[in-house]
Amino acid sequence: MSVSIVQKYNVPGPRYTSYPTVPYWEEEKFHLEDWKRTLLQSFKESNATEGISLYIHLPFCESLCTFCGCNKRITKRHEVEDPYITAVIKEWKLYCDLFPRKPIIKEIHLGGGTPTFFSPENLERLINGIFQYATKAEEHEFSFEGHPNNTTRHHLQTLYDLGFRRVSFGVQDYSPKVQEAIHRIQPFHNVAKVTFWAKEIGYTSVGHDLIFGLPFQTLDDVKDTIDKTKSLQPDRLAFYSYAHVPWIKGNGQRGFKDEDLPKDDEKRMLYEEGKKQLAQNGYHEIGMDHFALENDSMFTSFKEGKLHRNFMGYTASKTQLMIGLGVSSISDSWYSFAQNEKTIEDYYTHLAEDQLPVFRGHLLSAEDLIIRRHILNLMCQFTTSWKDEALDFPELSSVLTSLEEMQEDGLLTIQDNSITVTEKGKPFVRNICMAFDLRLIRKAPETKLFSMTI
């Protein structure tokens, strides 16, 4: 019996929110002055024309969700809010002191952790603190992640009044058994309440995050979750494959056993059923794992070829410079990456010494920049071409040779100067990108680094 396509391509692989991926950064060649130099270069090239993006990491959560691989600090002590916001504003001022003029902010995204752990008053202080030193782009997109259990109408109204128009709520799955396994108990009426509030207040894009492949999750669970979701009509959806990475230090993925997870073809069936139901209800596939109604800016951006991907995930518009503020955040000047300290204590120590809290990074080589464009094209548009000589590189022929088997399996088509991912191949776009990942090919990992691609 032949091996199924799913089993054949279900291997560990990156999610490509960056290239090179973090495990392949050349940290020993990176210095803080390199980051500052490329930061200023990118700022001068792009601030006036497209503005910059800010990602602000708000790490605190009141309880641990055991499916989560994010950097977080579990606490019920809300007195941690004030000093953290003071620190983030100070970090931002250190950046603004480097710039020759006031930055123009096009995008802000508040992620976590749980941004709505913070009170509306403290979130207002944070955003007002940011704009002490910056101006808003005329066409800006500000977004945040809300927990359905603790997002209040006050949160939504406060952030709306500050210019936020997009919110995403983490749903994952509505099955009580699944919710218990991942320690994320939230009834449907909580999600419905915050979704309706957001729409009443005037948010133009309300998103829900769903996950397939969770412990004990069945086909009926996925059907029920999407049936409930469509009744609320969120404008966009993320339908993620659960990333099982229990080996990462500090990860909370210990609330269940490996054998409790759906495997290979069973997991892919969950995705295919979910994708079918979403299509039947007007949701279009946008990039990897994302779906949107036609009225959403993400759909418009995808159709116009403007979709972008960075450490925040998919965004509806491109900015060359993205600065990450807060503990563990990653910044991207296009020419280099820089990551902040991973513990709050180390983060605070740097800022107390008036130093940017960067602890590692990577300077992109000329080859990195070329490959990055190919991977970005595939992730955002399901196609890439090398008609432009600037997108070509010596190893391209070997990359194309390695993709021939995927072409035979119907996952993509290779033409004279381009590659296009087929409908069948969209769930395997990570595998296709891996063929371009020369750093991964030259040095295969000896230990577990990545979640499975499917």
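Right, let's walk through the structure included here. (Residues numbered from 1 in each chain as written. Predicted model: local features only at pLDDT ≥ 70, side-chain atom pairs only at ≥ 80, totals over all residues. Heavy atoms only, no water.)

1. A few points about the environment of His 154
As for its placement among the helices and strands, His 154 is situated in helix H5 (residues 153–161). C-alpha of His 154 to C-alpha of Glu 121: the two residues are 33 residues apart in sequence and 9.3 Å apart in space. Apart from the residues lying within four places of it in its own chain, the contact partners of His 154 are Pro 120 and Glu 121. (Helix = DSSP H or I, 4+ residues; strand = E, 2+ residues; numbered from the N terminus. Contact = heavy atoms within 4.5 Å.)

2. What about the pairing of strand S13 (residues 322–325)?
Side chains Met 322 and Gly 324 project from S13 onto one buried face, and the interleaved Ile 323 and Leu 325 project onto a second face that is buried too. As paired elements, strand S1 (residues 52–58) and S13 share four bridges and run parallel to each other. Bridge pairing in S13 places Tyr 55 opposite Gly 324. (Buried < 20%, exposed > 50% of the residue type's maximum accessible area, 1.4 Å probe, protein only. Pairing = 2+ DSSP bridges.)

3. Here's the deal with the packing of helix H3 (residues 81–98) against helix H4 (residues 120–130)
Where H3 meets H4, the axes come as close as 9 Å, and the angle between the chain directions of the two elements is 10°. Put simply, H3 runs roughly parallel to H4. Only Asn 122, Leu 123, Arg 125, Leu 126, Gly 129 and Ile 130 of H4 make contact with H3, whose side of the interface consists of Glu 81, Asp 82, Ile 85, Thr 86, Val 88, Ile 89 and Trp 92. Of the residues assigned to the contact of H3 with H4, the class counts are seven nonpolar, three polar and three charged. (Axes fitted to C-alpha atoms, helices over the stretch in contact; angles between N-to-C directions. Parallel < 35°, antiparallel > 145°, perpendicular 65-115°, else oblique. Nonpolar A, V, L, I, M, F, W, Y, C, P; charged D, E, K, R; others polar.)

4. Considering the nonpolar core
Considering soluble globular proteins, one finds that nonpolar side chains tend to be buried as a cluster. The biggest cluster of nonpolar side chains holds 55 residues, and the ones touching the most others in it are Trp 92, Tyr 95, Ile 105, Leu 110, Phe 164, Tyr 203 and Ile 323. Once residues within four sequence positions are removed from consideration, Phe 164 is found in contact with Ile 108, Leu 110, Ile 127, Phe 142, Ser 143, Phe 144, Leu 159 and Tyr 203. The next biggest cluster of nonpolar side chains, apart from the first, holds 50 residues, and it includes Phe 299, Phe 393, Leu 403 and Met 434. (Core = buried A, V, L, I, M, F, W, Y, C linked by side-chain atoms within 4.5 Å.)

5. Some details on the pattern of salt bridges
Here the structure, examined in full by the defined rule, presents 27 salt bridges. The closest approach of N and O atoms between Arg 166 and Glu 141, which form a salt bridge, is 3.2 Å. Placement of the pair is Arg 166 in strand S6 (residues 164–172) and Glu 141 in strand S5 (residues 135–146), with a sequence separation of 25 residues. One network of salt bridges, with partners in common, ties together Glu 26, Lys 29, Asp 368 and Arg 439. (Salt bridge = Lys/Arg side-chain N within 4 Å of Asp/Glu carboxyl O.)

6. As for the packing of aromatic side chains
Enumeration according to the criterion identifies 21 aromatic pairs in this entry. When the centroid spacing of 5.4 Å and the interplanar angle of 75° are considered together, the rings of Tyr 174 and Phe 188 count as edge-to-face. Of the two residues, Tyr 174 is situated in the loop between S6 and helix H6 (176–181) and Phe 188 in helix H7 (residues 188–201); the sequence distance between them amounts to 14 residues. On the accessibility criterion, Phe 188 (26% relative accessible area) is partly exposed. (Phe/Tyr/Trp six-rings, centres within 6.5 Å; stacked < 30°, edge-to-face > 60°.)

7. A closer look at helix H8 (residues 219–232)
In an α-helix, one turn spans 3.6 residues; hence positions three or four apart end up facing the same way. The terminal C-alpha atoms of H8 lie 21 Å apart, and with 14 residues this matches the ideal 20 Å at 1.5 Å per residue to within 8%. Every buried residue belonging to H8 is among Asp 221, Val 222, Thr 225, Ile 226, Thr 229 and Leu 232, and all of these are buried. For H8, the angular spread of the buried residues around the axis is 120°, confining them to a single face. Turning to H8, the residues buried within the fold contact S6, H6, H7, strand S7 (205–212), strand S8 (236–241) and helix H9 (264–280). (Expected span 1.5 Å × (residues − 1). Arc of directions from axis to C-beta.)

8. Points about unusual backbone geometry
The omega torsion of the bond from Tyr 19 to Pro 20 falls at -5°, within 30 degrees of zero and hence cis. Position of Pro 20 relative to the elements: it lies in the loop between helix H1 (5–9) and helix H2 (32–50). A cis amide bond links Gly 112 with the next residue in sequence, Gly 113, at an omega value of 20°. Take Gly 113: it is sitting in the loop between strand S4 (104–112) and H4.

9. Quick word on H3
In this model H3 runs 27 Å from its N-terminal to its C-terminal C-alpha over 18 residues, within 8% of the 26 Å that 1.5 Å per residue would give. Along H3, the positions that sit buried rather than exposed are Glu 81, Tyr 84, Ile 85, Ala 87, Val 88, Ile 89, Glu 91, Trp 92, Leu 94, Tyr 95 and Cys 96.

10. A word on the packing of H8 against H9
Contact geometry for H8 and H9: axes closest at 9 Å, N-to-C directions at 25°. Relative to H9, the element H8 lies roughly parallel. Remark: the crossing between H8 and H9 carries right-handed chirality. Each of Leu 219, Val 222, Lys 223, Ile 226 and Asp 227 in H8 lies in contact with H9, whose residues at this interface are Met 269, Leu 270, Glu 273, Gly 274, Gln 277 and Leu 278. Within the contact of H8 with H9, the residues separate by chemical class into six nonpolar, two polar and three charged. (Left-handed = near helix turned anticlockwise from the far one by under 90°.)

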